[in-house]
Each structure stands twice: as C-alpha cells, then as structure tokens.
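Residue-level structure breakdown
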Number of protein chains: 2
Amino acid sequence: MGDSLRPDWSGRLQRLWRSARASSAPALVVSSPVNIKYLTGFDGTALLVATPAATWLLLDGRYEHAARDARAAGAIAGIDIRRVESRFDSTLASVTAELELAACACEAESVTVATLEAWRRVMPAMAFIPTYQWVEELRAIKDPFELERIRAACVATSEVGRALDTWVGAGRTEREIAHDIDAALLRAGCTRTAFPTIVASGPASAHPHARPTDRRLRDGDLVVLDFGGVIDGYCGDLTRMAGVGRVSAEARTMFDAVRAAHGAALAAVRAQAFAYEVDTAARRVLMEHGFGEAFLHATGHGLGLEVHEAPRLGRAGEDRSQTANRLEAGMVCTIEPGAYLEGIGGVRLEDDVLVTAEGSEVLTDVPRDLLPV
Amino acid sequence: MGDSLRPDWSGRLQRLWRSARASSAPALVVSSPVNIKYLTGFDGTALLVATPAATWLLLDGRYEHAARDARAAGAIAGIDIRRVESRFDSTLASVTAELELAACACEAESVTVATLEAWRRVMPAMAFIPTYQWVEELRAIKDPFELERIRAACVATSEVGRALDTWVGAGRTEREIAHDIDAALLRAGCTRTAFPTIVASGPASAHPHARPTDRRLRDGDLVVLDFGGVIDGYCGDLTRMAGVGRVSAEARTMFDAVRAAHGAALAAVRAQAFAYEVDTAARRVLMEHGFGEAFLHATGHGLGLEVHEAPRLGRAGEDRSQTANRLEAGMVCTIEPGAYLEGIGGVRLEDDVLVTAEGSEVLTDVPRDLLPV
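These numbers were taken from a predicted model, which means no experiment stands behind them.

With respect to the interface of chain A and chain B
Residue-level contacts link 26 residues of chain A with 25 residues of chain B. Among the elements of the structure, α3 (64–72), α5 (113–122) and α8 (174–187) of chain A are those that each provide at least two residues to the side of chain A that touches chain B. A per-element tally of the side of chain A that touches chain B places α5(A) first, with 4 residues. Counted by class, the side of chain A that touches chain B contains 12 nonpolar, 10 polar and 4 charged residues.

Re α8(A)
The terminal C-alpha atoms of α8(A), which comprises 14 residues, lie 20 Å apart, in line with the 20 Å expected from a rise of 1.5 Å per residue. Within two residues after α8(A), A:Gly189 carries a phi angle of roughly 105°, on the positive side.

Remarks on unusual backbone geometry
The linkage connecting A:Ala310 with the following residue, A:Pro311, adopts the cis geometry, with an omega of 0°. Position of A:Pro311 relative to the elements: it lies in strand β14 (residues 309–313). Phi at B:Glu100 takes a positive value of approximately 55°, unusual for a residue other than glycine. The phi torsion at B:Gln133 lies on the positive side, around 65°, for a residue other than glycine. Along the polypeptide, B:Gln133 turns up in the loop between β6 (127–131) and α6 (134–140).

Considerations on the domain arrangement of chain A
Residue and element names in this part refer to chain A. Partitioning chain A into structural domains gives domain 1 (9–139) and domain 2 (141–372). Relative placement of domain 1 and domain 2: their C-alpha centres are 34 Å apart. Tallying the contact residues gives 9 residues for domain 1 and 9 residues for domain 2. Counting only elements with at least two residues in the side of domain 1 that touches domain 2, the list comes to α2 (33–40) and α6 (134–140). Ranked by the residues each element gives to the side of domain 1 that touches domain 2, the list is headed by α6, at 4 residues. Across the side of domain 1 that touches domain 2, the residue classes tally to 4 nonpolar, 1 polar and 4 charged.

Procedures and definitions
Residues numbered from 1 in each chain as written. Chains lettered and ligands numbered in written order. Predicted model: local features only at pLDDT ≥ 70, side-chain atom pairs only at ≥ 80, totals over all residues. Contact = placed C-beta atoms within 7 Å. Helix = DSSP H or I, 4+ residues; strand = E, 2+ residues; numbered from the N terminus. Nonpolar A, V, L, I, M, F, W, Y, C, P; charged D, E, K, R; others polar. Expected span 1.5 Å × (residues − 1). Domains from an automatic or database assignment.

As structure tokens, this is what we get:
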C-alpha cells in the first residue's frame with residue numbers, strides 16, 4: 001500500500017458546503033464519529049460544529065493527544081479545537097453562542113432523542129433542523145485517497161480468500177475456521193476485521209446472519225465464508241462458498257443460480273444506472289431458477305469507512321436509503337446475491353466493485369467456484 | 001462454566017413492570033438491541049413492544065431462524081412474534097393499533113431523531129414518551145445467571161492476565177502483543193474480546209485511549225495492558241501494568257500511587273455507598289501523591305452485557321448517569337483508577353468487583369504488581 005496520497009479533508013468540508021443539501025444551512029453539528037473522521041481526520045469521541053466560514057472540533061481531555069497526533073499527520077487543518085471541560089452540550093452551547101447561531105442543522109440518524117433533549121435544555125432558543133445523509137452522500141463517492149485504501153483492503157481480503165482451503169475442511173469447527181481467517185487478515189496487513197467473520201456450515205448456511213459455532217464441518221455441507229479486513233479505516237468485504245465432500249445436486253443447482261445472478265448483477269453496474277436495477281438483475285435470474293423467494297436480502301451496499309454505507313442496492317420500491325438512487329462513478333459497493341433454503345442450505349457470493357462510467361471494476365480477486373474441500 | 005442456571009427472562013419483564021419508572025406506563029417500545037437481548041434472550045435486529053399484559057417481538061425474515069433457536073433454548077417464552085414484511089415502523093404501527101395504544105414510552109437514549117420522526121409519520125396520533133434507563137436500571141443488578149457468566153468471563157480474562165509475561169517483552173510491538181492477548185482470550189473460552197485490546201507503551205501509556213501501534217517495547221517503558229473476554233454475552237475487563245527493564249523512579253512512584261488509590265477505591269465499595277464515594281476515595285489518594293490532575297477519567301463503570309453500563313463511578317457532582325447514585329448489592333463494576341503524565345507515561349490498574357452488602361468480592365484474580373519484563 002502506497003502513501004502517495006493524503007486525504008483532502010478541507011476539500012471534503014468545501015464539498016459539503018457546495019452540496020445541494022447543505023448549501024443553504026447556517027451550520028451543521030456533526031455527531032456521527034465516522035462522519036467526523038471523514039471530514040477532519042480525527043478519530044475519537046468529539047462533536048464537530050461546521051459553518052461555511054469555520055469549523056470547531058469539541059473534544060475532552062482524554063482525546064487531546066489524539067487531536068495533536070492527527071494534526072501532526074496533516075489532519076484537522078484550519079479547524080479550531082475547543083476543550084470540553086465538563087459536558088459536551090454546555091460546550092456546544094458556548095460555541096454556538098459565540099457564533100450567534102439561531103439555527104443549526106443536526107444529523108437525525110446519529111443524534112438520539114436523549115441528546116437532542118439535552119441540547120434543547122441548554123440551548124432553548126436554538127432551532128435544531130434534523131437532516132439526513134448530508135455527509136453520507138459525500139462519502140458515497142470515493143476520492144483517490146479512499147480508493148487507494150479500499151483497493152488495499154480488497155487486496156488483503158482477497159489474499160485470504162485465495163487461501164481458504166488452508167483452513168476449511170471436514171472435521172474443523174466453524175469457530176476454528178473463523179479464528180484462522182481473522183488471524184490471516186491481520187497477517188495480510190489489516191488492522192482489524194471489518195465485521196465479525198461468518199462461517200456458516202450445513203443447516204446454518206441457510207441463515208444469512210449465522211454466527212460461527214462449535215459445529216464441525218461434515219460431508220455434504222455448504223459453507224458460507226463471509227469476511228473482510230480493514231486498512232487505514234477502509235473495509236473490504238468478501239463471501240465465498242465451500243462444499244465439503246459430496247454436495248447434493250440441489251445445493252449445486254442453487255450455487256449455479258446464485259453464481260449466474262452474481263454475474264447478472266455485476267453486468268448491470270454502471271454510472272447512472274438506478275441502484276435497484278442491479279438488484280432486479282440478480283433477482284430476475286434467481287426467480288428464473290426458482291429461487292426468487294429464497295433471496296432474503298438486498299443485492300449489495302456501499303463500502304468505505306463503514307462496512308455498510310450508501311448506496312443501498314435493494315429491491316425496486318423499497319429503497320430506504322435517502323441518498324440519490326442512481327449509481328455514480330466513484331461509488332464502491334458490494335455485489336452479493338444469495339439464496340437460502342431450510343433443509344438444503346444457503347449460498348452467497350460477494351465481491352466489491354468500483355462503479356465507473358462504462359461499468360465497473362471488480363476490486364476483489366478470488367475464484368468464484370464452489371471450493372471443494 | 002456450568003450450565004446450572006437459565007436466564008429468567010419472564011422474571012425480568014415482570015421486574016420491569018414493577019419498577020418505579022415503568023409501573024405507570026401503558027407500553028414500552030424497546031429498541032436497544034442489548035435491552036431486547038436482556039428481556040427476551042433474542043439476539044438480533046428487532047423491536048420489542050411490551051405492555052404489562054403481553055409482549056411482541058417484531059423481526060424480519062432474516063432473523064426468524066434466530067428466534068426459533070432462541071425459543072428452543074427457552075427464550076422468548078410467552079412472547080408473540082410478528083414478522084416485519086417491509087418496514088419496522090409500519091409493523092410497529094399495526095401492533096400498536098391492534099393494542100389500541102394512545103401512548104407509548106420509548107428509549108430516548110437508543111431511538112434516533114430520524115427513527116422517532118419515521119414513527120410519528122406512520123403513527124400521527126400516538127404520544128411517544130421519551131424515557132431513560134428503564135431497562136438499564138434493571139440490568140445494573142445482576143441475577144444469578146448473569147453472575148455465573150460474569151464470573152466465567154473474569155476467570156477466563158484473569159487466566160490471560162496471569163500469563164502476560166509470555167507475550168510482553170522488549171522488542172515486541174504493541175500490535176503483536178495485542179494479537180497474542182486476543183488469541184489467548186479465545187483459547188481461554190471467550191467468544192470474542194469485550195473491546196479492542198489496549199497495549200500502550202512508553203509515551204502512549206500516557207493516553208488512556210491509545211490504540212496498539214507498531215512501536216516496539218523498549219527499556220524503561222511503562223506498558224498499559226487493558227483487555228477482556230466475553231462469555232455467553234457477558235464481559236470481563238482487566239488492566240495490568242508491565243515495566244520494561246529499568247523503569248524510572250517517577251514511573252515507579254506513579255505506579256505506587258495508583259496502586260494505593262486502587263486499594264482505597266476497593267475498600268470504599270459496598271451496598272448503599274454513593275457511587276461517587278468510590279471515586280472520591282481513589283481521587284483523594286492520587287491527590288495526596290500529587291497525581292490529582294493526572295487522573296483523567298472516572299474510577300469505574302458497571303459491567304455486564306455491555307462493557308460500559310450503569311452504574312458510573314464518577315466524580316462527585318458530575319455523574320451523568322441517570323440511574324440511582326447508590327451502589328446496590330448485585331451490581332458488578334470495574335475499579336480502575338489511573339494517572340497519566342506526558343513525558344513520564346501512564347498507569348492504570350483495573351479489577352472487576354461484585355458489590356455485596358458488606359463490601360465487595362473481587363472477581364478478577366491477577367497479581368497487581370508492576371510486571372517486570
């Protein structure tokens with residue numbers, strides 16, 4: 001992984017104030033830690049008060065060294081730091097009073113009802129305007145620094161993905177295999193796993209959110225292996241399938257259908273496509289193969305500082321994301337159709353792709369065959 | 001760890017409706033996942049609608065198997081399951097309409113402003129009453145099942161704590177040591193780490209929230225080792241100190257002061273003591289040794305399904321927790337005074353204790369000496 005690029009934090013703040021959603025707001029209080037990290041480079045407990053003219057980072061004494069370290073690394077440039085002596089809400093009240101703010105946007109999806117009540121108690125005259133996805137919308141389009149990190153996370157995750165047969169085998173437990181995958185991600189240079197690794201074998205493979213247990217892999221099992229590593233805060237996310245010994249014909253049929261659906265979804269990715277079109281492409285193939293009802297989740301999700309972020313590649317008409325519904329060049333998302341049937345098992349295949357003007361670039365690189373073990 | 005006890009989920013729901021806070025409420029919507037797990041045994045994405053007469057668990061198709069598994073294990077007894085077909089808020093609206101509820105308590109510290117806005121859109125006539133710490137207050141007092149699990153987590157965490165000299169040594173990096181501690185926690189029977197393990201050496205030891213880096217331990221370093229394992233969902237949390245080679249006299253003085261503060265805090269724990277009194281006991285000792293300003297955090301926190309929960313053992317007059325300020329028999333908390341000085345380093349010693357009528361029982365069992373490595 002090169003260090004050729006540095007994040008352009010001040011550029012991100014400028015993009016925020018130029019965005020359609022934020023351009024008319026007097027100020028935004030950013031409380032989502034990952035949004036604060038994205039806008040400033042500071043990674044810790046803090047509040048950010050941003051106006052088009054200036055930006056304040058409010059943090060307590062425990063994080064002053066982290067702020068110093070971040071500044072030394074070029075982050076928090078041009079941002080004023082305000083130390084919180086006792087409570088964040090009273091410091092927020094002082095800063096907004098100094099700025100003579102009468103109204104303030106806040107992040108509806110991050111601020112709890114309790115926090116907003118506390119703010120209103122100490123700032124009774126302030127109009128708080130709940131907002132949605134202002135920073136998340138910016139984050140959906142990755143800049144060159146971010147792409148470099150996501151590529152590195154996908155390279156490391158793929159390295160582990162190509163070695164799965166080292167750990168996956170009859171007689172081993174799901175938990176043992178998950179531990180081995182986690183250790184391999186760390187050896188591959190990841191600082192942590194992006195989420196708790198899923199190893200779901202046999203009956204559990206039919207459950208998309210299964211957790212590793214002490215069950216031992218046995219002949220005939222389908223095994224879902226879903227894992228990812230983090231590099232410099234950016235996530236990779238990969239799912240591959242193994243088949244233990246002799247896998248049933250039904251299981252093989254389901255695998256082939258999911259693989260075809262995965263290909264169809266990949267082919268549907270391109271800038272300006274509607275996100276639901278990618279989902280429709282996968283879902284149509286699964287329906288044609290009789291697995292329409294067995295596809296229990298969306299086809300994909302954005303990937304970046306969080307392992308689930310905008311955009312959501314969900315079913316037509318049920319897109320709950322508040323971001324633009326069209327894919328754009330520079331978005332990174334997973335493509336992960338699946339099928340799950342009690343009694344037979346489950347199959348999911350997942351890759352990470354960069355959306356481009358013409359189509360997509362697949363960032364993960366692991367054969368998609370049903371791994372024989 | 002024995003399986004002699006089973007959680008008394010229905011007893012917990014009964015305690016909720018008998019509690020002073022909840023007893024006059026018509027209904028409570030529980031949205032905090034850990035509170036749902038505590039009240040029902042279900043561990044996944046869900047909403048719980050509870051009235052004194054009946055309880056509904058709302059969950060989507062991806063979690064139906066988890067609900068079945070939970071029921072097979074004796075959980076979710078007497079609770080109706082309602083499948084969410086498209087959106088949680090519309091299913092919540094149906095359930096509250098069937099119950100003819102005109103008012104509903106909700107968890108202010110868990111519900112975001114966005115979620116409450118969505119609920120109000122689909123339930124325009126409903127009065128939502130923001131509440132604080134209703135379930136958390138119950139969770140603060142551990143029942144026999146929980147105590148058995150916490151004891152097991154503390155035993156496993158202590159086993160790793162007594163073997164620290166296996167991994168901590170000059171020339172090794174913080175990250176390598178943290179990985180070894182994590183692997184040892186899993187070998188000791190933990191399902192996961194309770195939080196990202198802290199290994200903070202030399203200058204970084206002065207930062208309470210330092211994260212492991214590639215820095216190699218060297219002569220004279222103080223090393224903060226803060227880690228814990230989870231068993232059956234319950235957390236252990238332990239901090240011990242190592243000194244590499246020849247540690248300075250100032251560092252030694254600071255260690256001795258923190259150790260004395262730790263003893264004073266432990267001696268102050270007993271049922272009916274105010275939580276702040278435990279903090280005062282530790283803080284007074286550190287002040288007497290000239291480290292009052294160097295103690296940057298609270299003396300302790302509750303421990304259970306979450307690694308930070310009620311009660312908070314903080315400074316007199318700044319207790320932000322909304323739970324009762326007195327300790328009660330059956331509470332489990334950490335005792336973890338510390339001192340942090342730029343240029344010298346930092347020291348923290350942490351044990352987990354059960355509050356009893358007469359005093360406390362220390363659940364962790366690792367020598368508190370400065371470990372020479």
